[in-house]
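Each chain, written out:
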Amino acid sequence: MTAGTILHNTKTPLTVWFWAAYLMTTDKRGVSALLLQRQFGLPRYETAWMMLHKFRRAMVNLAREQLWGEVEVDDTWIGGNQAGLRGSRQLKGRKAALVFVAVEKRGRATGRARIEVIPDFKSATLIAFLKKNVKSGATVYTDGLKSFSGLQEAGFKHVPRIQPRRIELRKGAKSVVPLADRAIGNLQQWLIGTHHGVSREQLQVYLDEFVFRHNRRRLPMAAFQTLLGLGTARKPTHYNQIRGAADLAKPDPNVLGSDLESSTTPRIWLKQPDKQELARACPKMPHFGQP
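Just so it is clear, the structure is predicted and the values come from calculations on it, not from any experiment. (Residues numbered from 1 in each chain as written. Predicted model: local features only at pLDDT ≥ 70, side-chain atom pairs only at ≥ 80, totals over all residues. Heavy atoms only, no water.)

1. So, the environment of phenylalanine 156
Now for step 1: Position of phenylalanine 156 among the secondary structure elements: in the loop between β4 (139-142) and β5 (157-160).
Now for step 2: Non-local contacts of phenylalanine 156, meaning those with residues more than four positions away in its chain, are made with Leu130, Lys131, Val134, Lys135, Ser136, Gly137, Ala138, Val140 and Leu151. (Helix = DSSP H or I, 4+ residues; strand = E, 2+ residues; numbered from the N terminus. Contact = heavy atoms within 4.5 Å.)

The following block contains the structure:
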């Protein structure tokens, strides 16, 4: 029954797997490997860590629909503040990971989201993300970053706006992409509250988990059933591949893309966001944005 799925050759009872999937999808905070180990009395932490990572790798459906309609986009850094950097766009020497966020705009409410780690702010990088995740013809709201200047030619309706400076935002100025900022605030709060620090190599699957739960927040039981279905359709990934994130470095068409890493793996330690920024970005915390 489990052969050829993410549960292939497992020695852990299926009831524990089902409970892990249930907690990951129905609790807005998700579940950490340490908590999972304690709750179910698993003899090894590595077992809980591996179970959660196998589920994370099954959370992206290749056949999912692109975002459509009105879409807000923004970028953020995942990682704490770092001394010696000049400006928020500096890439050289920065330890934090650069993440790009796109969120559907449904009036004042948030629709579905897409979040990915990106290497830089180049126009080709941002447009490639949007072509992959947003339907052509959609209206895309951005800040004034020059890299967005080619969106019109790429087939999108582009609405650029000048984002207030950070000091002005802290004084109460409104963001020009409030829904994207809300998703970013929720993401950072979740990573801090549940995981505290994640490895750079594994960050994308944590983003996939956040997006999976966010997009199904109104129907948590449907999310649980969907995850079980996706898990049975994915080929197994071995422990050594997951621990070193080798399966993420070279994407496998059959396997989609913290905690346990080698001692040499750099980790992204997270800093608690400024309370005023968090309150503005996430006025309804901890509900992962308004449905």
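2. Regarding the sheet that holds β5
Now for step 1: Spatially, β3-β2-β1-β4-β5 is the arrangement adopted by the five strands of the open sheet, whose pairing is mixed. Both edges of this open sheet fall to β3 (109-117) and β5, since each of them pairs with a single strand only. For this sheet, the mean angle separating the axes of adjacent strands, direction not counted, is 25 degrees.
Now for step 2: Note: strand β1 (residues 70-78) against strand β2 (residues 97-106), nine bridges, orientation antiparallel. Bridge assignment links valine 73 to a residue of β2, and that residue is alanine 102.
Now for step 3: Across the sheet, helix α4 (residues 123-133) lies against β1, β2, β3 and β4, angled at about 130 degrees from β3, the strand it touches most.
Now for step 4: Across the sheet, helix α7 (residues 203-215) touches β1, β2 and β3, and the angle it forms with β3 is around 170 degrees. (Pairing = 2+ DSSP bridges. Axes fitted to C-alpha atoms, helices over the stretch in contact; angles between N-to-C directions.)

3. Description of the confidence of the model for the protein chain
Now for step 1: Of the residues in the protein chain, 82% reach a pLDDT of 70 or more, and the chain-wide mean stands at 83.
Now for step 2: Model confidence for the protein chain, summarised as mean pLDDT per element, is weakest for helix α11 (residues 275-281) at 45 and strongest for β4 at 97.
Now for step 3: Contacts from residues 275-291, a stretch scored under 50 in pLDDT, to residues over four places away or in other chains number 40 contacts. (pLDDT = per-residue confidence, 0-100.)

4. Considering the pattern of salt bridges
Now for step 1: This model, assessed by the stated rule, comprises ten salt bridges.
Now for step 2: The salt bridge partner of arginine 44 is glutamate 46, with a shortest N-O separation of 3.6 Å.
Now for step 3: Look at arginine 44 and you get partly exposed, because its relative accessible area is 49%.
Now for step 4: Each member of the salt-bridge network shares a partner with another, and the members are Arg56, Glu209 and Arg213. (Salt bridge = Lys/Arg side-chain N within 4 Å of Asp/Glu carboxyl O. Buried < 20%, exposed > 50% of the residue type's maximum accessible area, 1.4 Å probe, protein only.)

5. A word on helix α8 (residues 220-232)
Now for step 1: Over its 13 residues, α8 runs 19 Å from end to end, which matches the ideal 18 Å to within 8%, given 1.5 Å per residue.
Now for step 2: Among all positions of α8, only Ala223, Phe224, Leu227, Leu230 and Gly231 are buried. The buried residues of α8 occupy an angular sector of 135 degrees when the element is viewed end-on, so they sit on one face. Turned more than 90 degrees away from the buried face of α8 sit Gln225 and Thr232, all of them exposed.
Now for step 3: As for α8, its buried residues are in contact with α1 (14-26), α3 (45-56) and α7. (Expected span 1.5 Å × (residues − 1). Arc of directions from axis to C-beta.)

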